[in-house]
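# Chains, contacts and geometry: an overview
Here is what each chain is made of, one letter per residue.
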Amino acid sequence: MHPAHALATPRWRTGIAQLAAILTLSGAGAAHAANYSGPLTVSLLAPGGITSDGVTIDPTPLDLTQSLTPGGQIVPGDGGSIGGFMLPAEFIKNIGTSFQLRVAEGASNGTTGYLGLGAQHARYQFDGLNITGFAITGLSYSLKDNFLNTGTSGASNEAALISAQVVKLLSPHSFEVNLDQIKFRDRGLGESNNFVDFRIDVVTTAVPEPSTALLALLGVAVLGLTQRASKR
């Protein structure tokens, strides 16, 4: 074999390396820019109404909806329907593709005060979860103070909540957080200061954009032609 031929890299290998580099860069750019592509919708639903002390019940179903911009938050007194119903310690934040929720004790029986009805839980429901270049396939969450994965939980029934799927993915674009199942731990600072921190992270998988998929198909076709030419 001629020395020059021995040192030369086959064309098809060079083509594969170049194609892999292009696809890697495309995927890296999509991951770096991952966030929700449009406004989200948050609903506060209590089909059984509310209670303030565990005895006096307002059975009127609660159905409130408020828009949440990507990177935004819902806080008490923000002028929105849910913000106007929140307790002072509560809030909902979107950070990247994750969420932070602080839910406070709203009734003297150690619950939020939001009531379910039959098989329907009182809940926050998040809709409109769309991430350009990604598909949502699941979620993970924790109930630890300061939105950590370890440490103290504000829920006295944390294990039961996790077993009952207190946070549940409803579809690739929606999830819920059940509110009527929460039992608050007494922090010794008064009922109004008992709360639970939820940190919710969506699990995604990359979906090639049409231009990237077309590039891959063209690359495969070019590599096939190069291999045939090399054999000839």
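Residues numbered from 1 in each chain as written. Predicted model: local features only at pLDDT ≥ 70, side-chain atom pairs only at ≥ 80, totals over all residues. Heavy atoms only, no water.

### Considerations on the side chain of T51
Stated precisely, the cut-off is as follows: A run of H or I in DSSP becomes a helix once it reaches four residues, and a run of E becomes a strand once it reaches two; helices and strands are each numbered from the N terminus. We define a polar contact as two N or O atoms separated by no more than 3.5 Å, with the added condition that, inside protein, one atom must be a possible hydrogen donor and the other a possible acceptor, whereas residues neighbouring each other in sequence contribute only through side-chain atom pairs. In what follows, residue pairs with any heavy atoms lying within 4.5 Å of each other are defined as contacts.
Residue placement: T51 occurs in strand β2 (residues 50-51). There is a polar contact of 3.1 Å between the side chain of T51 and the backbone oxygen of T56. Not counting residues within four places of it along the chain, the set of residues in contact with T51 comprises T56, I57, G106, A107, G113 and L115.

### Details of unusual backbone geometry
For clarity, the cut-off: Classification of residues uses two cut-offs on accessible area relative to the type maximum, computed with a 1.4 Å probe and protein chains only: under 20% is buried, over 50% is exposed, and between them is partly exposed.
Positive phi, normally seen in glycine, also occurs at N146, with a value near 65°. Within the secondary structure, N146 sits in the loop between β9 (134-142) and α3 (158-163). On the basis of relative accessible area, N146 is assigned to the exposed category, the value being 54%. Look at Q165: it is not a glycine, yet its phi comes out positive at around 55°. In this structure, Q165 sits in the loop between α3 and β10 (167-171). Look at Q165 and you get partly exposed, because its relative accessible area is 44%.

### Remarks on the sheet that holds strand β11 (residues 174-178)
Two modes of strand pairing occur in sheets, parallel and antiparallel, and in both the strands are linked by backbone hydrogen bonds. The test is simple: For two strands to be treated as a pair, DSSP must find at least two bridges joining them. Think of each axis as a best-fit line through the C-alpha atoms, taken over the contacting stretch in the case of a helix, with angles from 0 to 180 degrees between the N-to-C directions.
In space, the five strands of this open sheet follow the order β4-β1-β8-β11-β10, with antiparallel pairing throughout. Every interior strand has two partners, whereas the edge strands, β4 (62-68) and β10, have only one. Going from strand to strand, the sheet's axes swing by 20° on average, the running direction of each strand aside. Examined bridge by bridge, strand β1 (residues 40-46) and β4 share seven bridges and lie antiparallel to one another. Of the residues in β4, the one forming a bridge with L45 is D63.

### Describing the confidence of the model for the chain
Spelled out, the test is: A residue's pLDDT is the predictor's confidence in that residue, given on a scale from 0 to 100.
Here the chain averages 84 in pLDDT, and 75% of its residues register 70 or above. Note that pLDDT drops below 50 for residues 1-8; the model gives that stretch one contact with residues more than four away or on any other chain. Segment residues 22-33 is flagged for pLDDT under 50; beyond a separation of four residues in sequence, or across chains, it makes six contacts in the model.

### Observations regarding the pairing of β10
Two elements, β10 and β11, share four bridges in a ladder whose sense is antiparallel. Within β11, the position partnered with L169 by the bridge is F175. In textbook terms, the turn of a hairpin is the stretch between consecutive antiparallel strands, and for β10 and β11 this stretch comprises two residues.

### Quick word on the nonpolar core
For clarity, the cut-off: Think of a nonpolar core as a cluster: buried Ala, Val, Leu, Ile, Met, Phe, Trp, Tyr and Cys residues, connected wherever their side-chain atoms sit within 4.5 Å.
Counting residues in hydrophobic clusters, the biggest one holds 38 residues, and the most contacted among them are F99, Y124, F126 and F198. Listing elements by their share of this core, those giving two or more residues are β1, β4, β7 (98-104), β8 (123-127), β9, β11 and β12 (195-206). Not counting residues up to four positions away in its chain, the partners in contact with F198 are F99, Q100, L101, V103, S142, L143, F147, V166, V167, V177 and I182.

### Considering the side chain of E105
Counted only if it meets this: Charge counting treats Lys and Arg as positive and Asp and Glu as negative, with His and both chain ends excluded. By definition here, a salt bridge exists when the distance from a side-chain nitrogen of Lys or Arg to a carboxyl oxygen of Asp or Glu is within 4 Å.
Topologically, E105 is positioned in the loop between β7 and β8. For the buried residue E105, which engages in no salt bridge, the nearest side chain bearing the opposite charge is R187, 8.2 Å off. There is a polar contact of 2.7 Å between the side chain of E105 and the side chain of N194. Ignoring any residue separated from it by four or fewer positions in sequence, one finds E105 in contact with L87, G110, T111, F184, E191 and N194.

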